[in-house]
Amino acid sequence: MIVIGSSNSFCTVDPIVLYEEYGIAAYDFGSSSQPMNLSVLYLKEAFRRQKPKVVALEVNMMVGGGLYNISEAGLRWGLTDIPLSIDKLKCIYQSVGAVNAEYFSYVFPMFRYHSRWKELTKLDYTYFGQDKTNYTKGYLETQSVSETAVTLNEYDYDGDAWIEEENIHYLDEIVRLCKKNNAELLLFKSPKENWHRYETEALRTLADARDVRFVDYNELFYNDALELDLAADFRDDEHLNDFGARKVTSHLGQYLKENYELPDRRADEKPNAWDMACTYRERKGWKAYMVATTAKECLEMLQEDKNFILIVTDTKAKKGKRRASGCMRTAK
Amino acid sequence: MYEDCKVALDITWKEPGVHHRKIGDSALVLARVKNVYQVLIDEVDHYQMGGRWNIIVYDKILNQVTASLVFSE
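As the structure is a computational prediction, the values presented were derived from the model and not from experiment. (Residues numbered from 1 in each chain as written. Chains lettered and ligands numbered in written order. Predicted model: local features only at pLDDT ≥ 70, side-chain atom pairs only at ≥ 80, totals over all residues. Heavy atoms only, no water.)

Caption draft 1: Broad picture of the sheet that holds strand 3 (residues 54-58) of chain A. Residues and elements named next belong to chain A. Judged by pairing direction, the sheet is parallel, and its five strands sit side by side in the order 2-1-3-4-5 without closing on themselves. If you trace the sheet from one side to the other, it starts and ends with strand 2 (27-28) and strand 5 (213-216), each paired once. In this fold helix 8 (residues 165-180) packs onto strand 1 (2-4), strand 3 and strand 4 (184-189), with an angle of close to 140 degrees to the strand it touches most, strand 4. Relative to the sheet, helix 9 (residues 197-209) contacts strand 4 and strand 5, its axis offset from that of strand 5 by approximately 165 degrees. (Pairing = 2+ DSSP bridges. Helix = DSSP H or I, 4+ residues; strand = E, 2+ residues; numbered from the N terminus. Contact = heavy atoms within 4.5 Å. Axes fitted to C-alpha atoms, helices over the stretch in contact; angles between N-to-C directions.)

So, in structure tokens, the structure goes:
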């Protein structure tokens, strides 16, 4: 399964949870503030290399302003790493609206950044994307919690949904792409502040007209079909954290199992990339040795795991009398 | 330094010096410069002053440091 959309997608669907609980092999292929034309581009890129059975589109960017309200940062995040293709050029043109210096700065990002050579710092070489293991499968991990409790009780406010025609056009293109590639499209909305029933209903009308399923987690929360702790499950007012994402992903996994024929990849004969990702996450998490009170206690907890290398320093060591309080074996 | 649950390297710094070694996919540099000690892994210093014991935990699966701990006993 491929998940596309804005940050609301990759802060909500945790592929490792989908795999651990349901054996579904999923990947979050989104980008920050991803406008709908970039969602089309991302889907085309995905279909060039993969054959997903299900495409899940997070619909946050369907509502609100059109392409010209998208920030430069959102476009750069979304476009820079995508390989050059006719589709990418079309997408840049749709976003910029002209073939000009700005357009070419997206085609050749060097034009945008070449003057930065005087301000380069170590951070430019050690940014978070440096870890190419990508064990989160596109999901953006965090256990940070929003400083103030999130408010979802404005869901029933009156209003009118603002959906631009161009976004409907891109939705139709996504529908066509999925049909052409024999993938089933699922629309979903992650829980967030300032999402309302009238938006749910507008999206459902669009989905029904295209014979596409739509799941809205704001609606499910409002109807008590989804449990969320508003004081603990969000990283900010628009995005879930790991605790909230686990709850929504579990619910989504159950929905996927009931409505789509997705294989249980845990039954694969050989370990796959998701098995490796699970191992990574398990090893990256908090461990008891991290709060040991003495060096000896810490080493005793670590000594049986051959995948650890330990560098132990002792400022009062005397030759032949250290070896970390004698709890490790010496080399033969 | 312990690897495969055994002592793989044992150094006492009586004089300033430096020792290079590969661990996992990373470069380890142990150094004493005057009275300053360093444990550099991929150019990041993980040595912490203030306690008798430092334990730096490098995970060979993740190819990175997962903890850098300091203990007084």
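The rest of the description comes next.
Caption draft 2: Seen up close, the packing of aromatic side chains. Under the criterion given, the structure shown has eight aromatic pairs over all chains. Judged by centre distance (6.2 Å) and plane angle (50 degrees), the rings of Y37 of chain B and Y47 of chain B are tilted. Taken together, the residues Y37 of chain B in strand 5 (residues 36-41) and Y47 of chain B in the loop between strand 6 (44-45) and strand 7 (53-59) connect sequence positions ten residues apart. Taken together, the ring pairs in this structure connect Y27, F29 and Y42 of chain A into an aromatic cluster. Residue placement shows R76 of chain A over the ring face of Y106 of chain A; its charged tip is 3.9 Å from the ring centre. The ring of Y260 of chain A carries the charged tip of R213 of chain A above its face, separated from the ring centre by 5.0 Å. (Phe/Tyr/Trp six-rings, centres within 6.5 Å; stacked < 30°, edge-to-face > 60°. Lys NZ or Arg CZ within 6 Å of the ring centre and 35° of its normal.)

Caption draft 3: Fine view of the sheet that holds strand 6 of chain B. All names here are of chain B. On the basis of which strands lie adjacent, the open sheet formed by four strands has the order 3-4-5-6 and antiparallel pairing. Edge strands, defined here as strands with exactly one partner in the open sheet, are strand 3 (17-23) and strand 6. Pairing analysis gives seven bridges linking strand 3 to strand 4 (residues 26-33), with the strands arranged antiparallel. Opposite V18, over in strand 4, you have A31 as the bridge partner.

Caption draft 4: Broad picture of the pairing of strand 4 of chain B. All names here are of chain B. Burial within strand 4 is extensive, with six of its eight residues counted as buried. Between strand 3 and strand 4, which pair antiparallel and follow one another directly, the connecting turn spans two residues, one of which, G24, has a positive phi of 55 degrees. Across six bridges, strand 4 lies against strand 5 in antiparallel orientation. Paired with L30 across the two strands is V39, which belongs to strand 5. Taking the residues between adjacent antiparallel strands as the criterion, strand 4 and strand 5 are bridged by two residues, where K34 takes a positive phi near 55 degrees. (Buried < 20%, exposed > 50% of the residue type's maximum accessible area, 1.4 Å probe, protein only.)

Caption draft 5: View of the interface of chain B and chain A. Contacts between the two partners involve 36 residues from chain B and, on the opposite side, 38 residues from chain A. One can count two salt bridges joining chain B with chain A. A salt bridge links D314 of chain A to R52 of chain B; the shortest N-O distance between them is 2.6 Å. Summed over the shared surface of chain B and chain A, the result is twelve residue pairs in polar contact (both at pLDDT 80 or more). Of all the elements in the fold, those that place two or more residues in the side of chain B that touches chain A are strand 1 (2-3), strand 2 (6-7), strand 4, strand 5, strand 7 and strand 8 (64-71) of chain B. Broken down by element, the side of chain B that touches chain A gets its largest block of residues, seven residues, from strand 7 of chain B. When its residues are assigned to classes, the side of chain B that touches chain A shows 21 nonpolar, six polar and nine charged. With seven bridges connecting them, strand 6 (residues 308-314) of chain A and strand 7 of chain B associate as antiparallel partners. If you follow I309 of chain A over to strand 7 of chain B, its bridge partner there is Y58 of chain B. (Salt bridge = Lys/Arg side-chain N within 4 Å of Asp/Glu carboxyl O. Polar contact = N/O pair within 3.5 Å; in protein donor to acceptor, adjacent residues only side chain to side chain. Nonpolar A, V, L, I, M, F, W, Y, C, P; charged D, E, K, R; others polar.)

Caption draft 6: Just the side chain of S7 of chain A, in detail. Its place among the elements puts S7 of chain A in helix 1 (residues 7-10). Contacts of S7 of chain A, omitting those with residues within four sequence positions, involve S31, S32, S33 and H239 of chain A.

Caption draft 7: Broad picture of the nonpolar core. All names here are of chain A. Among the nonpolar cores identified, the biggest contains 44 residues, and L57, M62, I174, L185, L187 and L203 are the most heavily contacted of them. For this core, the element with the most residues is helix 3 (residues 36-49), which contributes eight residues. Among all residues touching I174, those that are not within four sequence positions of it are I4, M36, S39, V40, L43, L57 and L185. Counting 27 residues, the second-largest nonpolar core is a separate cluster that includes V54, V215, Y260 and L262. (Core = buried A, V, L, I, M, F, W, Y, C linked by side-chain atoms within 4.5 Å.)

Caption draft 8: The packing of helix 3 of chain A against helix 5 (residues 86-96) of chain A, seen in detail. Residues and elements named next belong to chain A. The contact between helix 3 and helix 5 brings their axes to 9 Å, and the two run at 175 degrees. One finds that helix 3 runs roughly antiparallel with respect to helix 5. Here N37, L38, L41, K44 and R48 of helix 3 lie close against helix 5, whose contacting residues are D87, K88, C91, Q94 and S95. Per-class residue counts for the contact of helix 3 with helix 5 are three nonpolar, three polar and four charged. (Parallel < 35°, antiparallel > 145°, perpendicular 65-115°, else oblique.)

Caption draft 9: Fine view of the packing of helix 2 (residues 15-22) of chain A against helix 11 (residues 242-259) of chain A. All names here are of chain A. Where helix 2 meets helix 11, the axes come as close as 9 Å, and the angle between the chain directions of the two elements is 50 degrees. By the angle between their directions, the pair helix 2 and helix 11 is classed as oblique. The handedness of the crossing between helix 2 and helix 11 comes out as right-handed. Each of V17, L18, E20, E21 and Y22 in helix 2 lies in contact with helix 11, whose residues at this interface are R246, T249, S250, G253, Q254, L256 and K257. Considered class by class, the residues forming the contact of helix 2 with helix 11 number four nonpolar, four polar and four charged. (Left-handed = near helix turned anticlockwise from the far one by under 90°.)

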